Amino acid sequence: MKKHFHSVVLDKDKCCGCTHCLQRCPTEAIRVHGGKARILPERCIDCGECIRICPHHAKKAQSATLEEISGFKYTVAIPAPALFGQFNHLDNIDIVMTGLKKLGFDGIFEVSRAAELVSEATRKLIKENKLKYPIISSACPAIVRLIKIRFPQLCENVMPVLAPIEVAARLARKEAIEKTGLKSDDIGIFFITPCPAKVTEISSPNYVKESACNGAIAISKIYPELTKAMDHLEEIEPLSQSGLIGIGWATSGGESAAMLGEKYLAADGIENAIRVLEELEDEHIRDVDFIELNACSGGCVGGVLTVENPYVAQARIHSLRKYLPVSLNHIGENIDDMMWENELKFNADIFRLDEDINKAMEMMQKMEQIYNGLPKLDCGSCGAPSCKAMAEDIVRGKAKETECIFKLKEKIQSVYDQLRTTF
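What you are looking at is a predicted structure, and each value in this text was computed from that prediction instead of being measured. (Residues numbered from 1 in each chain as written. Predicted model: local features only at pLDDT ≥ 70, side-chain atom pairs only at ≥ 80, totals over all residues. Heavy atoms only, no water.)

Participant: Tell me what's going on with the overall build of the protein, and back it up with residues and numbers.
Facilitator: Of regular secondary structure, the protein possesses 15 helices and 11 strands. On C-alpha atoms alone, the protein measures out to a radius of gyration of 24 Å, which is about the 22 Å that the 2.2 N^0.38 rule sets for 423 residues. Oriented by its inertia axes, the alpha-carbon framework of the protein measures out at about 90 × 50 × 40 Å. When the accessible area of the protein is evaluated, it comes to approximately 20,400 Å², of which 49% is carbon and sulfur surface. Of note, the protein has its 52 positive side-chain charges centred 5 Å away from the centre of its 59 negative side-chain charges. (Helix = DSSP H or I, 4+ residues; strand = E, 2+ residues; numbered from the N terminus. Rg over C-alpha atoms; globule rule 2.2 N^0.38 Å. Areas by Shrake-Rupley, 256 points an atom, 1.4 Å probe, with all protein chains shown as cover. Lys, Arg positive; Asp, Glu negative; His and termini not counted. Charge placed at Lys NZ, Arg CZ, Asp CG, Glu CD.)

Participant: Please set out the nonpolar core residue by residue, giving values where relevant.
Facilitator: Ranked by internal contacts, the top residues of the largest apolar core, which has 74 residues, are Ile78, Ile143, Ile147, Phe191 and Leu293. By residue number, the principal contributor to this core is helix 4 (residues 111-127), which donates seven residues. Those residues in contact with Ile143 that lie beyond four places of it in its chain are Ile270, Ala273, Leu293, Asn294 and Ala295. (Core = buried A, V, L, I, M, F, W, Y, C linked by side-chain atoms within 4.5 Å. Buried < 20%, exposed > 50% of the residue type's maximum accessible area, 1.4 Å probe, protein only. Contact = heavy atoms within 4.5 Å.)

Participant: Kindly report on the environment of Gly254, identifying the contributing residues and their values.
Facilitator: Here Gly254 is to be found in helix 10 (residues 254-257). When the C-alpha atoms of Gly254 and Leu244 are compared, they prove to be 9.3 Å apart, with 10 residues separating the residues in sequence. For Gly254, the contacting residues outside a window of four places in its chain are Gly248, Trp249 and Glu292.

Participant: So what about a nonpolar patch on the surface? Which residues, and what values?
Facilitator: On the surface, a cluster of nonpolar side chains totalling about 310 Å² of accessible area is made up of Ile357, Met361 and Met364. Summarising the element assignment, Ile357 is placed in helix 13 (residues 357-373). Assessed through its relative accessible area of 59%, Ile357 is described here as exposed. (Patch = residues over 30% accessible without salt bridge, like charges linked within 9 Å, V, L, I, M, F, W, Y side chains within 5 Å. Salt bridge = Lys/Arg side-chain N within 4 Å of Asp/Glu carboxyl O.)

Participant: An account of the pairing of strand 10 (residues 264-268) is needed here, citing residue identities and associated values.
Facilitator: Bridge count between strand 10 and strand 11 (residues 290-294): five bridges; the pairing is parallel. Residue Asp268 lies in a different strand from strand 11, and its bridge partner there is Asn294. For the crossover from strand 10 across helix 11 (residues 270-281) to strand 11, the handedness is right-handed. (Pairing = 2+ DSSP bridges. Right-handed = clockwise from strand over helix to strand, strands pointing away.)

Participant: I'd like a description of the sheet that holds strand 8 (residues 187-193), backed by residues and values.
Facilitator: Two modes of strand pairing occur in sheets, parallel and antiparallel, and in both the strands are linked by backbone hydrogen bonds. Read from one edge of the open sheet, four strands run 6-5-8-9, paired in parallel fashion. One side of each edge strand has no neighbouring strand; the edge strands of this open sheet are strand 6 (107-108) and strand 9 (215-218). With four bridges joining them, strand 8 and strand 9 adopt parallel strand pairing. Bridge pairing in strand 9 links Ile192 to Ile217. Contacts between helix 6 (residues 164-180) and the sheet are confined to strand 5 (74-79) and strand 8, with strand 5 contributing the most and set at about 150 degrees to the helix. On the sheet, helix 8 (residues 219-231) packs against strand 8 and strand 9 and is oriented at approximately 65 degrees with respect to strand 9. (Axes fitted to C-alpha atoms, helices over the stretch in contact; angles between N-to-C directions.)

What follows is the structure, encoded as structure tokens:
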């Protein structure tokens, strides 16, 4: 099986095996054995819920550091629009971008510029009736991976247009090459990210062979130095080239509003997103053309790698938009270079019990028998998130039935009864 890269990792020294993360993981990617949590890499979607919920800070996200930009002759920062909602009393986006240049970046290319291009490309595809309805946004990589794992029949509904990050990285690289005359390998493109899923998407992309980004730096990691740099600016450069449509992508509903239509649905927070996907799978959602789903509450401003309360950041984004034009970026007739390179497909290996179909069927029957004998309380005390997951772990040889406290109690009672009868 292909080796999986993940931004979200576990710090075993801090883990107390409390099972908080177990119950909140949307893809049942966590097990707790021997008093420590373990993340199943083939199921993790890097949504960051375990980071958000862990009371001991045992889950963390890996991301690039500011020092890594020194490895390139020319570097470009591509900040997520969510970054602009992190600062109090900000009325000029150029202050943030000038601050990024002071930190050592040679150029800035706003992801919000690319978001406006993606919005226009989507409107064009909708007008040409080239997408399967209802269309599901492909902007949130955690949602895309969630669909691949839990809702594979909806893969065809996911919009096959590159996410703004990838579009921004490609355009930023092209502009840098034209400006400097340097080779592509000498140019570093770094995304300033609000969430771990985007870090993973850069290192292990879903729908392109290789990302145009060289790395992603967490907003929380760069925030202290950036704030300091912004406080000591002598001159503010006019760098902003995006409008309210692009900046609006930072919050839930921003992408949907850019469709300029009425038949759309926007949901944020992983649990709400799952509820929408379940209803969509059951064909309970009708009369909707476009569905925007964000794994984080409030949208990208709610990412676990941000520093500000998502609702405060959301209010700041709305305030910033008042000073901006509607849109400053437009595409040409040809949008082929904005489309996916790879088809989104379900990876059956994740759930395959055995390569031999007959053995797999036997294991499935055994799993059903074990499940029927479990209490079906999904309490998590066994270290698995549900009784069904526990039954699967037992069949795979990764757990024992006596790890269920109810089954253990039954066995102890049985042994006690035998001993009492014997003596």
